[in-house]
Amino acid sequence: MKVVLPGGTGQVGTILDRALTAAGHEVTVLTRRPVRAHHIGWDGATLGRWAAAIDGCDVVINLAGRSVSCRYTAENLQAMMDSRVESSRVVGEAIAAATRPPRVWLQMSTATVYAHRFDAAHDEATGVIGGSEAGVPDYWAHSIEIAKNWERAQAEAPTPATRKVALRSAMVMSPDRGGVFDVLSRLARLGLGGPVAGGKQYVSWIHDEDFVRAVEFLITRDDLEGAVNLASPGPLPHCDFMRALRTAWGVPVGLPATRWMAELGAFALRSDTELLLKSRRVVPGRLRAAGFTFAYPEWESAATSLVERVRLVRAASRRARESSHAV
């Protein structure tokens, strides 16, 4: 199978590139900074020679978009919007112009499209799209508009021969350096992984192995199109989420943080508190109805699995260093 990954050098792209290549598929990554043999340069906004990779491929999985791990200034929010909408638009143009268009186009989206909510979970059928909630910062609505425009750019692309799926993904947890699991684990190991602002806000997540399996599942299911939630069936309050992570690392306590402490921490990390404070209670209604089963439906087992993988990588790296020193 020939797979093209626009924007495939970020955390999620690295996960998919690694897994699909290991499974024997031919993967091409479209990136602004090509450094490997299977990378092709593009700007994420205009058609170019890169479009030839899409003509004749089987699957496009568009992951392009500016990272959300930044301060939510007006400039950064506009960059997030433009990078997602423009890349989706130009991918659609490439597919529409292809002599042999791909049979499926999976488009990254986000579970953040749903409303800040504690009382009930959001699935695709009954979930409430956010943007008008009371009692939340006004600028949170920008994230909803970005998600809506992102999905609209794919939906409106004139690609009748290509099935389209919008991946409303929760946070993908993997042991890779720099990913969200790595950041949260560092806080937990330092004793700072306690509840933030009371810890009642829900955390939606998905184990990286289940993410890959869900993508593979959606590629093969010709009856599934439109928005699909990629999230574990076990979202849980932030306080419980961090407690399970600390347990997996063997850390007995985690200092709690107030809202203003979270603001200071986010400022220091050049990130935004929406990522911590918004209650994302999202469940995979369509995946489960279609018969998909999760290897890691609960966070406790998922966290243990990920910690074990981190330790295995560290142990292998330590042995390699010791071996090189011995030589």
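Report follows, based on the coordinates.

Cut-offs applied
- Along each chain, the written sequence defines residue order, and numbers are assigned to residues from 1.
- This being a predicted model, a pLDDT of at least 70 is required before a residue's local features are given, and a value of 80 or more before pairs of side-chain atoms are given or counted; all residues contribute to the totals for chains, interfaces and linings.
- Processing note: side-chain calculations cover all non-hydrogen atoms of the structure and skip hydrogens and water entirely.
- By the criteria applied, helices consist of DSSP H or I runs no shorter than four residues and strands consist of E runs no shorter than two, each listed in order from the N terminus.
- Here an axis means a line fitted to C-alpha atoms, over the contact stretch when the element is a helix, while the angle between two N-to-C directions is reported on a 0 to 180 degree scale.
- Relative orientations are named as follows: roughly parallel for angles under 35 degrees, roughly antiparallel for angles over 145 degrees, roughly perpendicular for angles from 65 to 115 degrees, and oblique for any other angle.
- In what follows, a contact means two residues having at least one pair of non-hydrogen atoms within 4.5 Å.
- When residue character is reported, Ala, Val, Leu, Ile, Met, Phe, Trp, Tyr, Cys and Pro are called nonpolar, Asp, Glu, Lys and Arg charged, and the others, Gly included, polar.
- With the far helix as reference, a near helix turned anticlockwise by less than a right angle produces a left-handed crossing, and one turned clockwise produces a right-handed crossing.
- Multiplying one less than the number of residues by 1.5 Å gives the expected span of a helix.
- Each residue is assigned to one of three classes by its accessible area relative to the maximum for its type, calculated with a 1.4 Å probe on protein chains only: buried under 20%, partly exposed between the two thresholds, exposed over 50%.
- Between any two strands, at least two bridges found by DSSP are needed for them to pair.
- Note on aromatic pairs: the rings of Phe, Tyr and Trp (six-membered ring only in Trp) are paired at centre separations within 6.5 Å, and the planes decide the class, stacked below 30 degrees, edge-to-face beyond 60, tilted for the rest.
- Definition used: whenever NZ (Lys) or CZ (Arg) falls within 6 Å of the ring centre and also within 35 degrees of the ring normal, the charge is taken to sit over that ring.

**Some words on unusual backbone geometry**
Then, number 1: Here the phi dihedral of A197 falls at roughly 55°; this positive angle occurs in a residue that is not glycine.
Then, number 2: Within the secondary structure, A197 sits in the loop between α5 (180-189) and β8 (202-203).

**Here's the deal with the packing of α5 against helix α7 (residues 238-249)**
Then, number 1: α7 packs onto α5 with a crossing angle of 75° between their chain directions and a minimal axis gap of 10 Å. Considering their axes alone, α5 and α7 lie roughly perpendicular with respect to each other. Of the residues in α7, those in contact with F181, L184, S185, A188 and R189 of α5 are F241, M242, L245, R246 and W249.
Then, number 2: Grouping the amino acids of the contact of α5 with α7 by side-chain chemistry returns seven nonpolar, one polar and two charged.

**So, the environment of H238**
Then, number 1: Relative to the helices and strands, H238 resides in helix α7.
Then, number 2: A sequence separation of 39 residues divides H238 from G199, and the C-alpha atoms of the two residues are 4.7 Å apart.
Then, number 3: The contacts of H238, once residues within four sequence positions are left out, are G194, P195, V196, G199, Q201, V203 and L276.

**Considering the packing of helix α1 (residues 11-22) against helix α6 (residues 208-220)**
Then, number 1: One way to put it is that α1 packs onto α6 with a least axis distance of 10 Å and a crossing angle of 70°. With respect to each other, α1 and α6 are oriented roughly perpendicular. Like other packed secondary-structure pairs, α1 and α6 cross with a definite hand, here right-handed. Between α1, through V12, I15, L16, R18, A19 and L20, and α6, the contact on the second element is made entirely by D208, F211, V212, V215 and E216.
Then, number 2: Here the residues of the contact of α1 with α6 are counted per class, giving eight nonpolar, no polar and three charged.

**A closer look at helix α4 (residues 140-155)**
Along an α-helix, a turn takes 3.6 residues, which lines up residues three or four apart on a common side.
Then, number 1: With 16 residues, α4 should reach 22 Å at 1.5 Å per residue; the first-to-last C-alpha distance of 23 Å fits that figure.
Then, number 2: Restricting attention to buried positions, one finds in α4 the residues W140, S143, I144, I146, A147, N149, W150, E151, A153 and Q154.
Then, number 3: Among the structural elements, α3 (74-97), β5 (104-108), β6 (163-169) and α9 (274-277) are those in contact with the buried residues of α4.

**Some points on the sheet that holds β6**
Then, number 1: Across the sheet, which stays open at both edges, the seven strands sit in the order β3-β2-β1-β4-β5-β6-β10 with parallel pairing between neighbours. Only two strands of the sheet have a single neighbouring strand rather than two, namely β3 (39-41) and β10 (226-230). Along the sheet, successive strands turn relative to each other by an average axial angle of 20°, direction set aside.
Then, number 2: Of the strand pairs in this sheet, strand β4 (residues 59-62) and β5 are connected by four bridges, and their pairing is parallel. Of the residues in β5, the one forming a bridge with V60 is W105.
Then, number 3: Against the sheet, α4 touches β5 and β6, its axis set at about 165° to β6.
Then, number 4: Helix-sheet contacts for α6 involve β4, β5, β6 and β10, and the interaxial angle to β6 is about 160°.

**Quick word on the packing of aromatic side chains**
Then, number 1: Counting across every chain of the model gives seven aromatic pairs.
Then, number 2: Here the aromatic rings of F241 and W299 are separated by 4.3 Å at their centres, their planes lie at 10°, and the arrangement is stacked. Note that F241 is positioned in helix α7 and W299 in helix α11 (residues 299-326), a separation of 58 residues in sequence.
Then, number 3: With a relative accessible area of 1%, W299 lands in the buried category.
Then, number 4: With centroids separated by 4.9 Å and ring planes inclined at 90°, the aromatic side chains of F292 and F294 adopt a geometry described as edge-to-face.
Then, number 5: Exposure remark for F292: the relative accessible area of 5% places this residue in the buried category.
Then, number 6: An aromatic cluster is present here, built from F181, W205, F241 and W299 joined pairwise through their rings.
Then, number 7: For the cation-ring pair, R189 lies above W249, with the distance from its terminal atom to the ring centre recorded as 4.7 Å.

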